[in-house]
Amino acid sequence: MSEIGKLYIRNPKQIFRWSRENSEADLFISNEIIGSTSTQIIAEYKNQAFPLNIPFSDKANIENVIHCVATMLLLNYDPKTINERIQLLVPISMRMQLL
């Protein structure tokens, strides 16, 4: 099954798709290198590829950051600003960690 995140913004008929597998998606994650404390990805949007450094290495937080990147791209933030803002993120406890 293909992994695709969908984001609905303002107009429910406008669908923004991101994927690690489908290069036809609006935002395509073409490469992902997960380290011990951070992750480097190559994102492709509107025929432009750019690197992003994510300060997390767990799957859930990486996916959350990609949703944030998708939102910021739709709001017309440039990749440099997105990368700068991502560096400000800090991890929060997950539901199961609180038990």
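The rules we used
- Residues numbered from 1 in each chain as written.
- Predicted model: local features only at pLDDT ≥ 70, side-chain atom pairs only at ≥ 80, totals over all residues.
- Heavy atoms only, no water.
- Helix = DSSP H or I, 4+ residues; strand = E, 2+ residues; numbered from the N terminus.
- Buried < 20%, exposed > 50% of the residue type's maximum accessible area, 1.4 Å probe, protein only.
- Contact = heavy atoms within 4.5 Å.

### Some thoughts on unusual backbone geometry
Thinking step 1. Even without being a glycine, Lys46 presents a positive backbone phi close to 50°.
Thinking step 2. A positive phi is found at Asn47, a non-glycine position, where the angle reads about 65°.
Thinking step 3. By the secondary structure assignment, Asn47 is in the loop between strand E4 (39-45) and strand E5 (48-54).
Thinking step 4. Accessibility expressed as a relative area gives 85% for Asn47, which makes it exposed.

### Brief notes about helix H2 (residues 79-86)
Thinking step 1. Burial in H2 covers these residues: Pro79, Thr81, Ile82, Asn83 and Ile86.
Thinking step 2. Those residues of H2 that are buried lie in contact with E5 and helix H1 (59-74).

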